[in-house]
Amino acid sequence: MKTIKQSVSLLLAMILLLSIPLIVRKDYHNLQENKTSSQSTPQTTPQEGNRPMPTSPIGIAQVYETTGTKSSLLQQKSSVAITEFDKEDNNRQTVYINSQDRYQSFIGYGASLTHASAYLLMQADEATRTEILHDLFSREGANLSVVRIPVGASDYIPGDTYFTCDDMPSGKSDMSLEHFNLDHDTDIIAVAKQIVQINPTVTFMASPWSAPAWMKTNNRLVGAAGLKSNMYEVYADYLVKFVTEYQKYGINIQSLTLLNEPSVGNLSYPTMNMSGNEAAIITAYVGSKFEALGLDVDIVAWDYNYGSSYASRADAYLNALYKEHAETAGKYSNTVAFHGYDGDAYWNSSRKFGMKSGIQKVSQVYGKASIITEITESDVSFDFANN
């Protein structure tokens, strides 16, 4: 029998390590080539900047630690008192903030709520589950503020049978989506509702790993196939219906990607191919349908790697959406999502390539914002600490 503490550690590890951890929005409209967000503050002394030094206590800083060795995973440490100091105190680290130079905006950080992690949470007793979610989402805890949920199965499910929200027998289709259901999402909905109670300002985004098999050219969830040409609008209806059905449970989805990893290829879990032109067609359908319903949902583009192995594919995809189809599709998409599984990760100094290049290009070329929707340990990671 596991103790509450052991259960918390197990479930936190499932949510934060096996699921998809970080969502960070960055704007780099004025970014110089030799600057990053962490370098944006001019390094001046108090005398140079003529900044007054604090003369009174500020408060208490709560400390949570995750180490590169995994010996500590979001573990709360002793709080640190922020006490009075003056310019003669040379034993302190002083941080100066230049509020005039702005290089990025930050909307939050969080994790994925997959079917597997929701299942584990619902297997815990109510007290343990409440403690875990409070530790993760409350202002007294980690204050996670973004949750990514899958539309249908991702690669993390309880069991080994993949599914979507509208599965049909072989040879059958459901063009009007009469059989659409959230039967597999009972645990996700229950956990999401509890998260909203703890943190009403949390932001939800949704991402499908595949369309239902009957919409795809190979009639299977698994396999690197795309949508049938007569299914573009049906797939758009499927995505819009997911958002409106979740809304009935008090879970408002503010952003939606059309497809997780649209050029990942054939893997052992649900995947699907989608070109930039296809994304533009579907974005136009989804965006106009949201508009007709009065829903303000950002359609997030790409949702995959950007590095030396994937940049050309990403550029073609984004150019189709934001240049070739700017008037019909690009206007409905304000954000581009990136993953960190390319060998260059965020930034490979030897190759001078990585996700950073994509973030800069999205801002400077297309005038859009960027978010990081997946960056976690994997076979292509440098190591846990770097990724």
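Computed from a predicted model, the values in this text were never measured in an experiment. (Residues numbered from 1 in each chain as written. Predicted model: local features only at pLDDT ≥ 70, side-chain atom pairs only at ≥ 80, totals over all residues. Heavy atoms only, no water.)

**Q** Help me understand the overall build of the protein chain in this model?
**A** Helix and strand content of the protein chain: nine helices and 10 strands. Across the 387 residues of the protein chain, 50% fall into the buried class. Partitioning the intrachain contacts of the protein chain with sequence separation of at least 6 by distance along the chain shows that 75% fall at a separation of at least 24. (Helix = DSSP H or I, 4+ residues; strand = E, 2+ residues; numbered from the N terminus. Buried < 20%, exposed > 50% of the residue type's maximum accessible area, 1.4 Å probe, protein only. Contact = heavy atoms within 4.5 Å.)

**Q** Would you mind showing me how to read unusual backbone geometry here?
**A** Most peptide bonds take the trans configuration, and most residues that are not glycine carry a negative phi. Within the chain, leucine 177 stands out as a residue other than glycine whose phi angle is a positive 60°. Position of leucine 177 among the secondary structure elements: in the loop between β5 (146-151) and α5 (186-198). Phi at asparagine 219 is positive, roughly 55°, even though this residue is not glycine. You can see asparagine 219 is positioned in the loop between β6 (203-208) and α6 (232-247). On the basis of relative accessible area, asparagine 219 is assigned to the partly exposed category, the value being 45%.

**Q** What is the right way to look at the pattern of salt bridges in this model?
**A** In a structure, side chains of opposite charge can pair up when their charged atoms sit close to one another. Using the criterion set out here, one finds eight salt bridges in the structure. Among the charged side chains, a salt-bridge network with shared partners connects Arg148, Asp303 and Glu374. (Salt bridge = Lys/Arg side-chain N within 4 Å of Asp/Glu carboxyl O.)

**Q** Before we go on, may I ask you to explain the packing of helix α7 (residues 276-293) against helix α8 (residues 311-324) in this structure?
**A** Describing two packed helices takes the angle between their axes plus the distance from one axis to the other. One can describe the packing of α7 onto α8 by two numbers: an axis separation of 7 Å at closest approach and a directional angle of 45°. Between α7 and α8, the interaxial angle falls into the category oblique. Where α7 crosses over α8, the two elements pack in a sense that is right-handed. Within the contact between the two elements, α7 uses Gly276, Asn277, Ala279, Ala280 and Thr283 and α8 uses Tyr317, Ala320, Leu321 and Glu324. Residue composition of the contact of α7 with α8, grouped by class: five nonpolar, three polar and one charged. (Axes fitted to C-alpha atoms, helices over the stretch in contact; angles between N-to-C directions. Parallel < 35°, antiparallel > 145°, perpendicular 65-115°, else oblique. Left-handed = near helix turned anticlockwise from the far one by under 90°. Nonpolar A, V, L, I, M, F, W, Y, C, P; charged D, E, K, R; others polar.)

**Q** Would you mind going over the side chain of threonine 283 with me for this structure?
**A** In this fold, threonine 283 is placed in helix α7. We classify threonine 283 as buried; its relative accessible area is 2%. One polar contact links the side chain of threonine 283 to the main-chain carbonyl oxygen of alanine 279, over a distance of 2.7 Å. The residues contacting threonine 283, other than those within four sequence positions of it, are Leu258, Ile299, Leu321, Ala329 and Tyr332. (Polar contact = N/O pair within 3.5 Å; in protein donor to acceptor, adjacent residues only side chain to side chain.)

**Q** Sorry if this is basic, but what is going on with the packing of aromatic side chains here?
**A** Each aromatic ring pair is summarised here by two numbers: the centre-to-centre distance and the angle between the ring planes. Per the stated rule, a full pass over the model turns up 10 aromatic pairs. With a centroid separation of 5.7 Å and 70° between ring planes, the pair formed by phenylalanine 180 and tyrosine 238 is classed as edge-to-face. Here phenylalanine 180 is found in the loop between β5 and α5, whereas its partner tyrosine 238 is found in helix α6, with 58 residues between them in sequence. On the basis of relative accessible area, tyrosine 238 is assigned to the buried category, the value being 0%. Three or more aromatic residues joined by ring pairs form one cluster here, namely Trp302, Tyr304, Tyr310 and Tyr317. (Phe/Tyr/Trp six-rings, centres within 6.5 Å; stacked < 30°, edge-to-face > 60°.)

**Q** Before we go on, may I ask you to explain the nonpolar core in this structure?
**A** Burial of nonpolar side chains together is a common tendency in soluble globular proteins. If you look at the biggest cluster of nonpolar residues, it comprises 76 residues, and the most contacted ones within it are Leu113, Met215, Leu227, Tyr235, Phe242 and Val286. With 10 residues, the top contributor of residues to this core is α6. Those residues within four positions of leucine 113 in sequence are excluded, and the remaining contacts are Ala118, Leu121, Val147, Arg148, Ile149, Pro150, Ile188, Val191, Ala192 and Ile195. (Core = buried A, V, L, I, M, F, W, Y, C linked by side-chain atoms within 4.5 Å.)

**Q** Looking at this structure, I do not really get α6. What am I missing?
**A** Three or four residues apart is the spacing at which side chains of an α-helix point the same way, because the helix has 3.6 residues per turn. Between its first and last C-alpha, α6 extends 23 Å over 16 residues, near the 22 Å set by a 1.5 Å rise per residue. Burial analysis of α6 places 12 of its 16 residues in the buried class, the great majority of the element. Taken together, the buried residues of α6 touch β5, α5, β6, β7 (253-257) and α7. (Expected span 1.5 Å × (residues − 1).)

**Q** Is there a simple way to think about helix α4 (residues 126-137) in this case?
**A** Over its 12 residues, α4 runs 16 Å from end to end, which matches the ideal 16 Å to within 8%, given 1.5 Å per residue. Every buried residue of α4 is listed here: Thr128, Arg129, Ile132, Leu133, Leu136 and Phe137. One face of α4 carries all of its buried residues, which in axial projection span an arc of 135°. (Arc of directions from axis to C-beta.)

**Q** Got a minute to help me understand the environment of tyrosine 341 in this structure?
**A** Mapped onto the elements, tyrosine 341 comes out in the loop between β9 (335-339) and α9 (355-366). Its relative accessible area of 16% is what places tyrosine 341 among the buried residues. Each C-alpha atom, one on tyrosine 341 and one on tyrosine 304, is 8.3 Å from the other, the two residues being 37 residues apart in sequence. Side chain to side chain, tyrosine 341 and glutamate 374 meet in a polar contact 2.8 Å long.

**Q** In this structure, what is going on with the packing of α4 against α5? I would like to understand it.
**A** Viewed as axis vectors pointing N to C, α4 and α5 meet at an angle of 55°, and their least axial separation amounts to 10 Å. Classified by the angle between their axes, α4 and α5 sit oblique to one another. Considering how the two elements wind past one another, α4 and α5 form a crossing that is right-handed. Contacts between α4 and α5 pair Arg129, Thr130, Leu133, His134 and Phe137 from the former with Val191, Gln194, Ile195 and Ile198 from the latter.

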